[in-house]
Each structure stands twice: as structure tokens, then as C-alpha cells.
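What the coordinates show
Next come the chains, spelled out residue by residue.
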Amino acid sequence: LRHDSCPGNPSSVMSLAKSQSTVQRQNLAESQTPAQHAFITRVVREGGEYHDRVFSCRTGLCVTYDKVCNLVDDCGDESDEALCTNSFKCAKSQVYISLAKRCDGTVDCMDYSDECNEYCGKEIIEGVLFKVAAWIIGIFAVLMNLVSLWRGFFDPWVENKVGLVNRVFKILISIGDFMTGVYLLLIALVDSMMGRGGYCRGQLTWLTSDSCAALGIINNMGANISLFSMTYLSIFRVITVQVWNLEMKLMKLKVAAAVSLIVVTSATIACFPIIEFFEDFFVNGIAYTDMSLFIGPADKTRHLAVLRSYFGKINQGD
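This section reports on the structure supplied with the text. (Residues numbered from 1 in each chain as written. Predicted model: local features only at pLDDT ≥ 70, side-chain atom pairs only at ≥ 80, totals over all residues. Heavy atoms only, no water.)

**What to know about the overall build of the chain**
- Assigned secondary structure in the chain consists of 7 helices and 6 strands.
- For the chain, the N- to C-terminal ordering of α and β elements is β-α-α-β-β-β-β-β-α-α-α-α-α.
- Considering only contacts in the chain between residues 6 or more positions apart, those separated by 24 or more positions represent 53%.
- Carbon and sulfur atoms provide 62% of the accessible area of the chain, an area that totals close to 19700 Å². (Helix = DSSP H or I, 4+ residues; strand = E, 2+ residues; numbered from the N terminus. Contact = heavy atoms within 4.5 Å. Areas by Shrake-Rupley, 256 points an atom, 1.4 Å probe, with all protein chains shown as cover.)

**Some words on the packing of aromatic side chains**
- Applying the stated criterion across every chain, the model contains 5 aromatic pairs.
- Note on tryptophan 150 and phenylalanine 154: the rings are 4.4 Å apart at their centroids and 45° apart in plane angle, and the pair reads as tilted. Taken as a pair, tryptophan 150 and phenylalanine 154 lie in helix 3 (residues 128–154) at a separation of 4 residues, close to a single helical turn.
- Here tryptophan 150 falls in the exposed class, since its relative accessible area comes to 56%.
- Ring plane angle 20° and centroid distance 4.5 Å describe the contact between phenylalanine 169 and tyrosine 232, whose orientation is recorded as stacked. Note that phenylalanine 169 is positioned in helix 4 (residues 161–207) and tyrosine 232 in helix 5 (residues 210–238), a separation of 63 residues in sequence.
- A relative accessible area of 29% means that tyrosine 232 is categorised as partly exposed.
- One aromatic cluster is present, built from ring pairs that chain together Phe272, Phe277 and Phe278. (Phe/Tyr/Trp six-rings, centres within 6.5 Å; stacked < 30°, edge-to-face > 60°. Buried < 20%, exposed > 50% of the residue type's maximum accessible area, 1.4 Å probe, protein only.)

**A look at the pattern of salt bridges**
- Per the counting criterion, the structure on display carries 4 salt bridges.
- Across the pair lysine 131 and glutamate 123 runs a salt bridge, and its minimum N-O distance is 3.1 Å.
- Looking at lysine 131, the relative accessible area reads 19%, which means it is buried.
- The residue aspartate 155 makes a salt bridge to arginine 151 at a minimum N-O spacing of 3.7 Å.
- Where salt bridges share partners, they join Glu123, Lys131 and Asp191 into one cluster. (Salt bridge = Lys/Arg side-chain N within 4 Å of Asp/Glu carboxyl O.)

**Focus: the environment of phenylalanine 130**
- Summarising the element assignment, phenylalanine 130 is placed in helix 3.
- Here phenylalanine 130 falls in the exposed class, since its relative accessible area comes to 55%.
- Distance in space between the C-alpha atoms of phenylalanine 130 and alanine 188 is 9.6 Å, their sequence separation being 58 residues.

**A closer look at the state of the cysteines**
- Counted according to the given criterion, the structure contains 5 disulfides.
- For cysteine 57, the disulfide goes to cysteine 75, at an S-S distance of 1.9 Å. The S-S bond linking cysteine 57 to cysteine 75 shows a torsion near -65°; that makes this disulfide left-handed. Within this pair, whereas cysteine 57 is found in the loop between strand 3 (49–56) and strand 4 (62–64), its partner cysteine 75 is found in the loop between strand 4 and strand 5 (87–89), the two being separated by 18 residues in sequence.
- For cysteine 57, a relative accessible area of 5% puts it in the buried group.
- Taking relative accessible area as the criterion, cysteine 75 reaches 5% and is therefore assigned buried.
- Shown here is the disulfide that connects cysteine 90 with cysteine 109, its sulfur atoms set 1.9 Å apart. Taking the torsion about the S-S bond as the criterion, the cysteine 90 to cysteine 109 disulfide, at about -70°, is left-handed. (Disulfide = S-S within 2.5 Å.)

The following block contains the structure:
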């Protein structure tokens with residue numbers, strides 16, 4: 001420490017101190033030894049009393065204690081922030097943020113290091129129980145529905161109206177459940193391949209990828225096919241008496257039309273989120289690369305708040 005450091009400060013004397021009287025000092029790491037807590041400080045005389053209000057940086061500069069552990073590098077060498085326990089340092093930008101913002105579910109660091117670190121992370125399937133369940137249910141759904149489809153297509157057909165309808169729609173339900181099983185297996189596989197660290201930092205890349213969109217279509221289409229098929233089959237069983245008078249050929253045409261309608265409707269609904277005209281109804285946020293104004297996927301509310309702070313009042317419809 002130079003004798004002429006702390007330019008602009010009142011006359012002062014040097015003192016060896018290890019006081020922990022201020023809030024800033026309380027934020028210093030508890031893991032430090034007593035020797036590390038000791039430091040050379042300046043005691044400033046004010047009104048006949050001496051006050052310890054100046055922190056000595058490693059560079060030789062000095063700052064007041066209200067600038068220590070305030071999340072800003074006031075010393076220029078981070079010595080006023082490096083040993084603080086009330087802050088978290090972003091890995092890439094080296095910016096300090098409040099420790100309360102680490103693992104709070106909101107991205108504050110450009111590199112996601114505040115949400116993807118040794119203390120927290122994010123996975124496609126959270127929890128060991130759900131991971132195991134996804135694999136087991138997926139495997140059983142695929143295998144059992146393959147057996148059901150084989151029997152549905154290759155077992156002898158019963159030539160009556162009720163048997164025709166029941167069999168066709170049971171096949172259709174099996175197809176829908178099979179697609180859901182395939183989705184569970186694939187999503188479990190991707191979860192295993194990416195892991196906690198890979199998905200946490202690359203979640204926006206994954207969520208906006210064609211592979212993720214394809215899995216979403218498979219899952220939604222499978223669920224819709226099963227739902228609509230069960231609904232149609234339930235309605236048919238309620239009005240069975242009214243269809244006995246239909247000829248078998250006409251009955252087959254009606255069943256074929258119903259199957260076509262179910263498949264087309266399910267596919268259309270499943271593809272809605274990737275159709276440009278409807279994307280505003282499904283997009284939760286927009287992510288930018290290397291833009292500090294918007295860190296993480298910013299939704300419409302956050303966009304408006306940031307833009308208003310820079311440009312003033314903005315109409316909601318603009």
C-alpha cells in the first residue's frame with residue numbers, strides 16, 4: 001500500500017484491522033482464516049474522531065466501504081468483490097449479480113451460468129422416478145400396441161357391423177397409443193444423451209429445433225387419434241341400434257370416412273404450433289444471441305418493459 005494512495009481522501013493514518021463491524025465485511029467469505037480477515041486500512045479523522053470507512057484495493061486505490069460487495073468492480077481488480085458471499089459471478093461475462101438470483105428460475109447471465117451450475121440445472125425429464133417411468137411406460141406402450149396392431153390386422157375378421165367398427169377403431173386407438181409410446185422413448189433417449197448440463201445450456205437450441213417439433217407432432221397426433229377414436233367408438237355404441245339397418249358396404253364407407261376425418265383432424269391440430277400463421281398463439285418468448293437487453297427467452301411483457309424504459313410510452317398494439 002503506497003503512502004500516497006487514496007487520492008482525494010482526508011488525512012489519515014494506517015491501521016492493521018480485522019474488524020467485522022460493517023455489513024460489507026459480514027459479506028466476506030466465512031472460509032477465510034483470521035489472517036485473511038486482517039488487512040491494512042485507513043483510519044480517517046473527522047471531527048476529532050477516527051473512522052474506518054476506507055477499503056484498500058490490491059491495486060493501491062481506495063474506495064469507501066459502501067462500494068464493497070455492491071456487485072460492481074469499483075477497484076478495477078475485483079478485490080472489493082472477489083471475497084464477498086452476497087454475489088455470484090457469471091462465468092463468461094464476469095459480471096457480478098446478487099446471490100439471490102442464482103438458481104431462481106430466471107436467467108440473468110448471458111451464458112446461463114446462474115441457472116446451470118453445480119447447485120442447479122434443468123433437464124427435459126426432471127427426477128429419477130419420472131425418467132424411469134418414461135422408459136418403462138414407453139417400452140410397454142410400444143411393445144403392447146405392436147402386439148395389438150398385429151392381431152388387429154392379421155386375426156380373422158368378423159363380418160358384422162358392430163365387429164367391424166370395434167376392430168377398426170381399436171386398431172386406430174392402438175396406433176395413437178403406439179405413437180405416444182414412441183414419443184416417450186425418444187424423449188427419454190434425448191434426455192439421457194443431453195444430460196443436465198447439456199440441456200440446461202442448450203435448451204433454447206433444442207426447443208427451437210426440427211427434432212423437438214417432430215416429437216411434439218408425434219405426441220400430439222397420437223394423443224388426438226386415441227381421444228377422437230375412443231369418443232367415436234363410445235358414440236357408436238350408444239346408437240348401435242340405429243345403424244343395424246345400414247348395408248355393410250355403406251357401413252364400411254362411413255367407417256372409412258370417420259377414420260379419415262380423425263387422422264386428418266389429429267394431424268392438423270398437431271401441426272398448428274409450427275404453422276407460421278398460428279405461431280403467435282404458441283410462442284412463449286424470443287431468445288437473442290449476445291444481446292444483453294434480453295437475456296434468456298423474453299416474452300412480450302418483458303419486451304415492452306425494456307423498450308418502454310428506453311423509448312418511453314409504447315402502445316400495446318404496436
